[in-house]
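Below are the chains, spelled out letter by letter.
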Amino acid sequence: MQVKMILPALTEALSPFWRPIKYHLFPPLGLATIAAFFEPDDDIDLQDEHVETLNLDDEPDLVVIQVYITSAYRAYELADHYRSKGSYVVLGGLHVTALPAEAAQHADTIFLGPGEDTWPQFLQDFRAGAPAQQYQSKIRSLVGVPPIRRDLIKRHNYLVPNSIVVSRGCPHHCDFCYKEAFYQGGKSFYLQPIDDALAEIDRLPGKHLYFLDDHLFGHVGFAMELFEAMEGMGRVWQAAATVQSILAQPALLEKAVAAGLRSVFIGFETLNFHNLKEQHKYHNLNRDYSVAIRRLRDYGVMVNGSFVYGMDGDDETVFDRTVEWAVQQGIETATFHILTPYPGTLLYDRMVAQQRITQHNWDLYDTRHVVYKPMQLSAERLEAGYWQSYREFYRWSAIVQGAWTKEVWADRLRHLAYTGAWKKSEPVWDLLIRLKQVNHLLPALENVLTSFGRRTAPALLRQPNPALNV
Ligand code: B12
Ligand code: SF4
């Protein structure tokens with residue numbers, strides 16, 4: 001069977017005004033994950049439109065498209081194209097699950113929720129000539145799932161090709177998160193068997209790993225076991241976690257550092273208590289963010305802080321206050337977002353009930369545009385404040401100020417190098433991407449992460465955890 005799998009580009013990714021490096025960072029794993037269920041003699045072409053030009057002249061038997069909200073229009077265009085040529089077209093992913101009726105207009109079959117249970121069933125039905133129009137995931141398990149088809153990923157197109165995911169979902173329930181809608185009808189947090197996770201790590205060449213899990217530290221027992229087993233593997237890695245897991249779980253961070261953790265993405269979201277309550281982000285409530293950052297810094301772990309603007313408690317002071325705080329904390333990189341009510345979330349339902357949704361153009365649901373009526377800010381001020389935050393946080397003077405919050409020269413230099421390379425070297429990234437050489441910078445990144453970790457981890461493992469009293 002001839003199969004075409006497509007990850008259509010998110011709208012902004014094809015814009016000449018956007019940063020191409022963001023979309024050449026690491027390979028997303030959704031399609032390569034379900035590709036594992038094909039037969040060895042199926043002929044599969046997997047294309048990621050963020051990093052390559054699509055070949056649309058082919059005539060596959062089956063076309064599989066993954067749909068995100070800001071790639072929905074492009075996905076539908078591609079689906080219509082292939083259907084007009086007689087291919088059988090299936091759509092799945094977050095946006096299809098949130099708005100199945102919309103997606104169904106462009107597909108022969110749609111999939112709701114994760115694909116590990118429904119996809120093999122569909123393939124069986126398809127080969128038997130009797131596919132259903134819709135498959136809803138019910139069984140949530142990663143037991144027995146075959147390994148990701150990494151052979152289908154064009155590794156040279158990505159800066160850090162070793163992305164990996166060992167869990168699905170997250171144990172928390174924040175109102176603005178896609179997760180509730182996507183996992184409806186079954187478990188919304190579950191794990192790969194630890195041996196499978198370790199075997200997957202073993203299969204990856206080089207040193208560096210990028211965990212895509214929503215919350216790698218979300219199940220303490222699993223995380224402990226994973227990190228213990230990873231110690232001695234010589235890996236350096238980046239992942240996402242919560243303030244709570246950094247502060248309140250004895251020894252978890254220590255084990256992660258010993259296993260090679262060098263940089264962590266943390267959803268601080270807001271510095272406002274009422275905002276956290278409003279969004280049911282309870283695990284951040286009454287947590288001292290500064291102590292968490294301090295703890296990470298002491299272990300040599302860099303912080304990528306994520307902040308969301310536009311919750312009901314935000315007024316126009318929020319931008320300056322947030323950036324100033326982030327700089328003073330010495331956070332290395334920050335991502336700012338405008339609150340975005342994704343269809344299917346509790347936040348969206350609340351906004352609809354309050355008649356506050358102002359936009360149904362999904363291309364604008366990219367966390368850079370205001371698509372609802374904010375409570376204490378105009379939409380213009382909110383968008384302006386969002387852009388202003390990026391400018392202010394990544395000004396050289398702010399980068400230097402952030403670096404100088406560190407006590408040691410090595411830490412200061414690393415802060416300058418890492419943040420400067422990420423945000424101040426755009427022409428270099430662009431050139432390397434155009435020359436298809438972006439992957440050649442990986443050893444440099446690995447070196448920075450490896451040599452830094454060597455200094456801190458063993459000594460600090462013996463220190464008491466200062467945060468256990470909070
Ligand atoms: C890699 C990634 C990126 C990459 C690339 C994204 C891309 N090209 O698709 C980058 C860094 C560029 C990125 C950017 C952004 N991202 Co992003 N990203 C991810 C991340 C970390 C991993 C994706 C992944 O590979 N997952 C692992 C695989 C196994 O899961 P999966 O893709 O969901 O696939 C499964 C199912 O969905 C299903 N499935 C999927 N497709 C299909 C198709 C069929 C036919 C079937 C049967 C099944 C199926 O089966 C798969 C196996 O279960 C996810 C978080 C996450 N953990 O998923 C966020 C995530 C997708 N990103 C998110 C967001 C918000 C963004 C940004 C808006 C953030 C920002 N402000 O910059 C931007 C997008 C900008 C824009 N214009 O929209 C949200 C999406 C919210 C939503 N409702 O769409 C997520 C879920 C993070 C989160 N927790 O909020 N992101
Ligand atoms: S902690 Fe993050 S991934 Fe988990 S529910 Fe909240 S926003 Fe979603």
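Cut-offs and rules
Residues numbered from 1 in each chain as written. Chains lettered and ligands numbered in written order. Predicted model: local features only at pLDDT ≥ 70, side-chain atom pairs only at ≥ 80, totals over all residues. Helix = DSSP H or I, 4+ residues; strand = E, 2+ residues; numbered from the N terminus. Rg over C-alpha atoms; globule rule 2.2 N^0.38 Å. Buried ≥ 20, exposed ≤ 12 C-beta atoms within 10 Å, placed from the backbone. Contact = placed C-beta atoms within 7 Å. Near = placed C-beta within 6 Å. Nonpolar A, V, L, I, M, F, W, Y, C, P; charged D, E, K, R; others polar. Domains from an automatic or database assignment. Axes fitted to C-alpha atoms, helices over the stretch in contact; angles between N-to-C directions. Left-handed = near helix turned anticlockwise from the far one by under 90°. Pairing = 2+ DSSP bridges. Arc of directions from axis to C-beta. Parallel < 35°, antiparallel > 145°, perpendicular 65-115°, else oblique. Right-handed = clockwise from strand over helix to strand, strands pointing away.

Participant: Would you mind going over the overall build of the chain in detail, with residue names and values included?
Facilitator: The helix and strand tally for the chain stands at 20 helices and 14 strands. The C-alpha atoms of the chain give a radius of gyration of 22 Å, which matches the 23 Å a tight globule of 470 residues would have. Considering only C-alpha atoms, the chain reaches an extent of 65 × 55 × 45 Å along its principal axes. The proportion of buried residues among the 470 residues of the chain is 44%. Sequence separation of 24 or more characterises 78% of the internal contacts of the chain that already satisfy a separation of 6 or more.

Participant: Please give an account of the site of ligand 1 that cites residues and values.
Facilitator: Around ligand 1 lies a shell of 38 residues, among which Gly30, Gly92, Pro114, Gly115 and Tyr178 are the nearest. Every element with two or more residues in the shell around ligand 1 is listed here: α1 (20-23), α2 (30-35), β3 (62-66), β4 (88-92) and α6 (118-127). If one sorts the elements of the shell around ligand 1 by residue count, α2 sits on top with three residues. Grouping the constituent residues of the shell around ligand 1 by class yields 20 nonpolar, twelve polar and six charged. Residue contributions to the shell around ligand 1 reach at least three from each of two domains, namely domain 1 (2-136) and domain 2 (159-460).

Participant: Lay out the packing of helix α8 (residues 194-203) against helix α9 (residues 220-230) with the relevant residues and their values.
Facilitator: Two elements in contact, α8 and α9, have axes whose closest approach is 10 Å; the angle formed by their N-to-C orientations is 40°. Taken as a pair, α8 and α9 cross one another with a handedness that is right-handed. Residue-level contacts link Ile194, Ala197, Leu198 and Ile201 of α8 to Phe222, Glu225, Leu226, Ala229 and Met230 of α9. Class assignment for the residues of the contact of α8 with α9 results in eight nonpolar, no polar and one charged.

Participant: Could you give an account of the environment of glycine 185, naming the residues involved and the relevant values?
Facilitator: Residue position: glycine 185 is located in the loop between α7 (179-182) and β9 (189-191). Judged by the 12 C-beta atoms lying within 10 Å of it, glycine 185 is exposed.

Participant: Can you explain the sheet that holds strand β14 (residues 333-338)? Please cite residues and give values.
Facilitator: With respect to topology, six strands assemble into an open sheet ordered β7-β10-β11-β12-β13-β14, the strand pairing being parallel. Here the strands that pair on one side only, and so sit at the sheet edges, are β7 (163-164) and β14. By the bridge criterion, five bridges tie strand β11 (residues 236-241) to strand β12 (residues 261-269) in an arrangement that is parallel. Pairing of alanine 239 across the sheet is with valine 264, part of β12.

Participant: Describe the sheet that holds strand β6 (residues 134-136), with residues and values.
Facilitator: On the basis of which strands lie adjacent, the open sheet formed by six strands has the order β2-β1-β3-β4-β5-β6 and parallel pairing. Here the strands that pair on one side only, and so sit at the sheet edges, are β2 (43-48) and β6. Each neighbouring strand pair of the sheet contributes to a mean axis angle of 15°, computed without reference to strand direction. When strand β1 (residues 2-7) meets β2, the two strands line up parallel, connected through six bridges. Its bridge partner lying in β2, leucine 7 is registered against aspartate 48. Against the sheet, helix α3 (residues 72-84) makes contact with β1, β3 and β4, and its axis sits at roughly 160° relative to β4, the strand it touches most.

Participant: Outline the environment of glutamate 383, supporting the account with residue identities and numerical values.
Facilitator: Relative to the assigned elements, glutamate 383 resides in helix α16 (residues 379-393). For glutamate 383, a count of 17 C-beta atoms within 10 Å gives the class partly exposed. A sequence separation of 13 residues divides glutamate 383 from valine 370, and the C-alpha atoms of the two residues are 6.7 Å apart.

Participant: Could you give an account of the domain arrangement of the chain, with specific residues and numbers?
Facilitator: For the chain, the assigned domains read domain 1 (2-136) and domain 2 (159-460). Relative to domain 2, the C-alpha centre of domain 1 lies at a distance of 27 Å. Tallying the contact residues gives 21 residues for domain 1 and 25 residues for domain 2. Considering only residue class, the side of domain 1 that touches domain 2 consists of 13 nonpolar, six polar and two charged.

Participant: Let's hear about the pairing of β12: which residues, and what values?
Facilitator: The side chains of a regular strand alternate, first on one face of the sheet and then on the other. Within β12, eight of the nine residues are buried, leaving the element largely enclosed by the surrounding structure. Of the pairings in the sheet, the one linking β12 to strand β13 (residues 302-309) comprises six bridges and is parallel in character. Across the sheet, residue isoleucine 266 finds its bridge partner in β13, namely glycine 305.

Participant: Tell me what's going on with helix α14 (residues 318-328), and back it up with residues and numbers.
Facilitator: Those residues of α14 that fall on the buried side of the exposure criterion are Val318, Phe319, Thr322, Val323, Ala326 and Val327. Projected onto a plane normal to the axis of α14, the buried residues spread over an arc of 150° and lie on a single side. Structurally, α14 contributes buried residues whose contacts are with β13, β14, α16 and α17 (396-403).

Participant: If you had to explain the packing of α14 against α16 to someone new, which residues and values would you point to?
Facilitator: The N-to-C vectors of α14 and α16 enclose an angle of 25°; their axes lie 10 Å apart at closest approach. On the basis of the axis angle, α14 is roughly parallel to α16. Our pair here, α14 against α16, has a crossing hand that is right-handed. In contact with Phe319, Thr322, Val323, Ala326 and Val327 of α14, α16 contributes Gly385, Gln388, Ser389, Glu392 and Phe393. Here the residues of the contact of α14 with α16 are counted per class, giving five nonpolar, four polar and one charged.

Participant: Help me get a handle on the pairing of strand β10 (residues 208-211), residues and values and all.
Facilitator: Looking at chain direction, β7 and β10 are connected through two bridges and run parallel. Bridge assignment links serine 163 to a residue of β10, and that residue is tyrosine 210. Looking at chain direction, β10 and β11 are connected through three bridges and run parallel. Each bridged residue has a counterpart across the sheet, and for histidine 208 the counterpart in β11 is valine 236. This β-α-β element, β10 to α9 to β11, shows right-handed connectivity.

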